[in-house]
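The lines below spell out each chain.
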Amino acid sequence: MSIITDQQAQKLREAWIGVPYVNETCIGCSACVAISPDVFELNDEGKSEVIELESYEGFDVDDSIAACPVDAISWRE
Ligand code: SF4
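Anyway, here's the lowdown on the structure attached to this text. Given the structure is predicted, the values throughout are model-derived calculations rather than measurements.

Conventions and cut-offs
Residues numbered from 1 in each chain as written. Predicted model: local features only at pLDDT ≥ 70, side-chain atom pairs only at ≥ 80, totals over all residues. Heavy atoms only, no water. 1 Å grid on protein atoms, 1.4 Å probe; cavity = no way out; pocket = protein on both sides within 12 Å on 5 of 7 lines; lining within 4 Å. Points joined across faces, edges and corners; volume = space filled by probe spheres on them. Nonpolar A, V, L, I, M, F, W, Y, C, P; charged D, E, K, R; others polar. Near = heavy atom within 4 Å. Sits in = over half its atoms within 2 Å of the grid points.

## Quick notes on empty space enclosed by the protein
At step 1: Following the criterion strictly, the structure yields one cavity of 30 Å³ or more and no others.
At step 2: The computed volume of the largest cavity comes to approximately 90 Å³.
At step 3: The wall of the largest cavity is formed by 15 residues, among which Cys26, Cys29, Cys32, Ser48 and Cys68 lie closest to the centre.
At step 4: Its residues assigned to classes, the lining of the largest cavity shows twelve nonpolar, three polar and no charged.

Written out as structure tokens, the structure reads:
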């Protein structure tokens, strides 16, 4: 399993594929990991990171965004 890089996110954006993003306000509560375990994982610092996928459709990312207590997750434009 690998973490998506900025370069990979840029390629997905260019292909008009939505890519979730976790900002620095993540408190590591694991809600997103519980809801979308194929999309999010906690790193060594206990913060959520996005797992590299070809598409993020069908993984309840919007539910994870809604569940995040600090609004740390968004779709990258
Ligand atoms: S739900 Fe929000 S605060 Fe909790 S681990 Fe995910 S990104 Fe971090």
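## Regarding the site of the ligand
At step 1: As a matter of local geometry, the ligand sits amid Val22, Cys26, Ile27, Gly28, Cys29, Ser30, Ala31, Cys32, Ser48, Cys68, Val70 and Ile73.
At step 2: Comparing atom positions with the cavity grids shows the ligand to sit within the largest cavity.

The values reported here are purely geometric and, on their own, carry no functional implication.
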